[in-house]
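Here is how the chains run, residue by residue.
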Amino acid sequence: MILVTGGAGFIGANFVLDWLADCDEPVINLDKLTYAGNLHNLASVEGVARHLFVQGDIGDRALVAGLLAKHRPRAVINFAAESHVDRSIHGPEDFIQTNVVGTFHFLEEIRAYWNAMEGMEKAEFRFLHVSTDEVYGSLGPHDDAFTETTAYAPNSPYSASKAASDHLVRAYHHTYGLPVLTTNCSNNYGPYQFPEKLIPLVMMNAVAGKPLPIYGDGLNVRDWLYVGDHCSAIRAVLSAGQAGEVYNIGGRNEKTNIDVVKTICTMLDALHPASPVTPHEKLITYVKDRAGHDRRYAIDARKIERELGWRPQETFETGIRKTVAWYLANPDWVANVATGEYRHWVEKQYGSQA
Ligand code: NAD
Ligand code: TYD
């Protein structure tokens, strides 16, 4: 079996659902259930015997040691992290605690587990660490896209904490020989994304007739990848990646934020004409910029394409259409996340404009 961490969050849940749909191998899903972890994301696999959910922290060494000893996974895929840049600006501590200290404790237990293995089991074990393109910093408009050898230059507490975890993972390979794989992916979007991130936030606000907040001039560029394509890339790296290697994952879909928001508005005009305010673009509101806002990210994914034959299935246009349709078709999921912690966050981040 495999052990997945953070599998109740956005990408982890998509990964677990795809995995269980595509193969028979069981999954242990270790997730702390922070504000971003949501068991509703996993409702469709409730009662599936091949899925074992365990609530807990990757930094809880006794818990992790017990799970490893009992279930003996052949691979570990580490999604668990604090993941939102704006939250890291308001309060970096949780990011250091989980992404740096938590990853360290987790790696120590993985190392002890792997060290005690022998033969084929030891040779075939893999620890796959899921990371982000944000560790490479910010690009100018004409700079080449990030490759696996681009120097790290993280700018936010979030990206700095992810960079630290990537360095630990790298060092555990170099020093101890732990068979690690690291993936650095661009911005994801798709079903089950928590509505603090741009695309689901805009979707939810637009159908509710609320302002669509654009930071700064709206011309920051992100390289968008449909979450299902990220999950298929991780599976490709897990099955055929070389231990110790890094793989950049991206979809060659560079878009300015304002373009993304206008695309969603146009789709909603056609698919959801009953919204309180139409055309939806009327809701676009420019707000104060994010502190230290990275201008542009772009991924050069030629290594994973060349070496592992991976290709994204979705263009931005097909992926965003699926995503908009999913949010419209799942009002119960949306209503469920729009309570409690999420509302509290919106008030703190956007104040009276919320
Ligand atoms: P998310 O915030 O939606 O989910 C994170 C999950 O991790 C949640 O279920 C949460 O409960 C869990 N978690 C947090 N701290 C934990 C801890 N200490 N122990 C166990 N579980 C814990 O994040 P996401 O968007 O799904 O991102 C998943 C991973 O992918 C992260 O490592 C992130 O850095 C990386 N990533 C995200 C993107 C993106 O666009 N969202 C892009 C590239 C890489
Ligand atoms: P986000 O989804 O938070 O991802 P990241 O910061 O990890 O790239 O933001 C994507 C882009 O959208 C980023 O440039 C910030 C911008 N943004 C807004 O303009 N308004 C918003 O309300 C949010 C959440 C993000």
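Residues numbered from 1 in each chain as written. Chains lettered and ligands numbered in written order. Predicted model: local features only at pLDDT ≥ 70, side-chain atom pairs only at ≥ 80, totals over all residues. Heavy atoms only, no water.

J.: I'd like a rundown of the site of ligand 1, residues and numbers included.
T.: Taken together, 29 residues form the shell around ligand 1, and within it Ile 11, Asp 31, Ser 83, Tyr 158 and Lys 162 come nearest. Taking Ile 11, its main chain carries an N or O atom lying 2.7 Å from an oxygen atom of ligand 1. A distance of 2.8 Å separates an oxygen atom of ligand 1 from a polar backbone atom of Asn 188. Contact with the protein chains covers 97% of the free accessible surface of ligand 1, which is 830 Å². Secondary structure elements with two or more residues in the shell around ligand 1: helix H1 (10-22), strand S5 (126-132), helix H6 (157-176) and strand S7 (187-189). (Near = heavy atom within 4 Å. Polar contact = N/O pair within 3.5 Å; in protein donor to acceptor, adjacent residues only side chain to side chain. Areas by Shrake-Rupley, 256 points an atom, 1.4 Å probe, with all protein chains shown as cover. Helix = DSSP H or I, 4+ residues; strand = E, 2+ residues; numbered from the N terminus.)

J.: Outline the site of ligand 2, supporting the account with residue identities and numerical values.
T.: Inspection of the region around ligand 2 gives 18 residues, with Glu 134, Arg 222, Arg 290, His 293 and Tyr 350 positioned closest. Bound to the protein, ligand 2 loses 98% of the 510 Å² it would expose on its own. Considering each element in turn, the shell around ligand 2 owes the most residues, three residues, to strand S8 (residues 212-215). Residues belonging to the shell around ligand 2 are distributed by class as follows: eight nonpolar, five polar and five charged. (Nonpolar A, V, L, I, M, F, W, Y, C, P; charged D, E, K, R; others polar.)

J.: Go over the UniProt feature "domain: NAD(P)-binding" (unreviewed entry) in the chain, please, and point to the residues and values.
T.: Under the UniProt annotation, "domain: NAD(P)-binding" (unreviewed entry) lies at residues 3-323. Within the segment residues 3-323, helix and strand shares are 42% and 17% respectively, and the terminal C-alpha atoms sit 27 Å apart. (UniProt positions renumbered as here; feature names shortened; annotations may be inferred.)

J.: Give me the lowdown on the sheet that holds strand S11 (residues 254-256), citing residues and values where you can.
T.: Sheet architecture is open: three strands sit in the order S7-S9-S11, paired in mixed fashion. Whereas interior strands pair on both sides, the edge strands pair on one side only; in this sheet they are S7 and S11. Neighbour-to-neighbour, the strand axes of the sheet open up by a mean angle of 50°, direction not taken into account. In this structure, S7 lies alongside strand S9 (residues 221-226), joined through three bridges in parallel fashion. The residue bridging Asn 187 from the neighbouring strand is Trp 224, located in S9. (Pairing = 2+ DSSP bridges. Axes fitted to C-alpha atoms, helices over the stretch in contact; angles between N-to-C directions.)

J.: I'd like a description of the side chain of Glu 305, backed by residues and values.
T.: You can see Glu 305 is positioned in helix H10 (residues 302-308). Each residue touching Glu 305, except ones within four places of it in the same chain, is listed here: Arg 252, Trp 310 and Arg 311. (Contact = heavy atoms within 4.5 Å.)

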